[in-house]
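Listed here are the chains, written in short residue letters.
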Amino acid sequence: MVSSQGKGLQYSIAHFVFPSLLLTQLIYFSACPLCLAGEINPHFDLLYIEDEILSKISIPDINAKVEDASRISQSVIDKVQSYNLEESVRDLSSFHTRHSESESIDDVAYWLAEKLQSNCDTDVYIQNFTYSPDLTTSEDDDNNFSDIHRQKPFFYNLKNIACDKLGSTNNTIFVSAHYDSRIEDLNDSEGRAPGADDNASGVSVLLEVARILSKLSLEHSISYVLFSGEEQGKWGSKYYADFIDKADIDLDLLINLDMVGFPPEGSNSILIEYDNGNVVQDNDKYSQKIAKLIRDVASKYTSLNATLGKLENTDYLPFEALGYTVIGLHDDGVTKNPNYHKSSDTSDTLDYEYSASIANVTIATILQLDTLISSE
Ligand SMILES: [Zn+2]
């Protein structure tokens, strides 16, 4: 049921964890939340955030804590490797298609589960759900059933893939990306659909963020979630949002990565998509404050030119509709990448240094939020 109160960024105790992960939590906590394993003297840097005080029920007082709390190890974000991003995008794009109705979609899911496992300390969780395609092309007009629709099954079994990195608190940040792809004709499940920018790029950044953060002990718990069925109408994220709502997960923030590999020509710009209206109103202010924080983080730690934009139509929307605080990072490729939803959206068209900067922004944002919770 939709709450009228803003969720997310509310620090309570109750939290759901995957049962298989409970044991891991006991041995994972370390007293040094920002120290990279093995590093004795990480270089700390200060970030000044020009923003008003965040709400008392959101993340802690950002102005009062910023001098003590805003220490981000530059050495941590420097460990992002663009060749890891390129390898992930090439591998994912080498599947002929990742269309949710294709025969290969399960192979993609299992390949990704293995890949995520290699960057995540706890057991990967595969969530099965059912997607029912819209078999009608026109309301109540059976004559408009096309042959392709008649041949379709009534439902498809799809898979979301997730892994938790447990922190010393139950406050959770989600990092999400969809892994399915498409071409112009959404019903064409057999045509070549490499989906490099949309959205192997987002998956690759998620995997690299997981790899880097796996070496740190954090206050926040981080959940990495890979959705299927986005192109058919956000089926995976709708199912997952409903699941975490019923499980009462203490979700503070969702950062969704959808198209983060194709910089608008010459601009090195990135859109930070924030919540302004949509279904629930009370969560808007948290999203907008986090968007400004991310813009400052991007300016401080990368050469990205970050601008704020409003939420569009992707996987954060089902979470927003349940009241959670959501943010999207996006290269604006829906309008600016000429290969969008085409067979030409190939791995050789992307800029992996650009993607690496977005991975750095994601990591630095999580570390920034983590310093705030640790200084409470
Ligand atoms: Zn997409």
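What you see is a predicted model; the values in this text were computed from it and never measured. For every chain, the first residue of the written sequence is number 1, and numbering continues from 1 onward in sequence order. Reporting of local features is limited, given that this is a predicted model, to residues whose pLDDT is at least 70; pairs of side-chain atoms are given and counted only at 80 or more, and all residues count toward the totals for whole chains, interfaces and linings.

Draft legend 1. Examining the sheet that holds strand β6 (residues 221-227) more closely. When DSSP finds two or more bridges between a pair of strands, those strands are recorded as paired. The way it works is that DSSP assigns letters per residue, a run of H or I at least four long becomes a helix, a run of E at least two long becomes a strand, and they are numbered from the N terminus. Pairing is mixed in the open sheet, where eight strands are placed in the order β3-β4-β6-β5-β7-β10-β8-β9. Two strands in the sheet have a free side with no partner beyond their single neighbour: β3 (125-131) and β9 (305-310). Taken over all neighbouring pairs, the strand axes of this sheet differ in orientation by 25° on average, direction set aside. Helix α7 (residues 196-213) rests against β4 (156-165), β5 (172-178), β6 and β7 (251-257) of the sheet, and its axis sits at about 145° to β5. The strands touched by helix α9 (residues 284-301) are β7, β8 (269-274), β9 and β10 (326-330); relative to β8, the strand with the most contacts, the crossing angle is about 160°. Throughout, an axis means a line fitted to C-alpha atoms (over the contacting stretch in the case of helices), and angles, computed between N-to-C directions, take values from 0 to 180 degrees. Here contacts are defined at the residue level, using C-beta atoms placed from the backbone and a cut-off of 7 Å between them.

Draft legend 2. Inspection of the nonpolar core at higher detail. Judged by nonpolar contacts, the single largest core of 91 residues is most densely connected at Leu116, Leu206, Tyr224, Ile294 and Ile363. Of all the elements, helix α12 (residues 352-374) adds the most residues to this core, at twelve residues. One nonpolar core equals one set of buried Ala, Val, Leu, Ile, Met, Phe, Trp, Tyr and Cys residues connected by C-beta atoms within 7 Å. Residues with at least 20 neighbouring C-beta atoms inside 10 Å of their own are called buried, those with 12 or fewer are called exposed, and the rest are partly exposed, where every C-beta is derived from the backbone.

Draft legend 3. Highlighting the packing of helix α4 (residues 82-93) against α7. In the contact formed by α4 and α7, the axes pass within 8 Å of each other and the chain directions differ by 135°. When the axes of α4 and α7 are compared, the pair comes out oblique. In the packing of α4 onto α7, the handedness of the crossing is right-handed. Here Asn84, Leu85, Ser88, Val89, Leu92 and Ser93 of α4 come into contact with α7, specifically with Ala196, Ala200, Ser201, Val203, Ser204, Val205, Leu207, Glu208 and Arg211. Residue polarity follows a fixed list, in which Ala, Val, Leu, Ile, Met, Phe, Trp, Tyr, Cys and Pro are nonpolar, Asp, Glu, Lys and Arg are charged, and the others, Gly among them, are polar. Counted by class, the contact of α4 with α7 contains eight nonpolar, five polar and two charged residues. Should an angle lie under 35 degrees it is considered roughly parallel, over 145 roughly antiparallel, and from 65 to 115 roughly perpendicular; all remaining angles are considered oblique. We call a crossing left-handed when the near helix sits turned anticlockwise from the far one by less than a right angle, and right-handed when that turn is clockwise.

Draft legend 4. Here's a closer look at unusual backbone geometry. Cis geometry is adopted by the peptide bond preceding asparagine 199, which originates at aspartate 198 and carries an omega value of 5°. Tracing the sequence through the fold places asparagine 199 in helix α7. Here methionine 259, not a glycine, exhibits a phi torsion of approximately 75°, which is positive. Looking at the element boundaries, methionine 259 is found in the loop between β7 and β8. Backbone geometry places asparagine 268, a non-glycine residue, at a positive phi of 50°.

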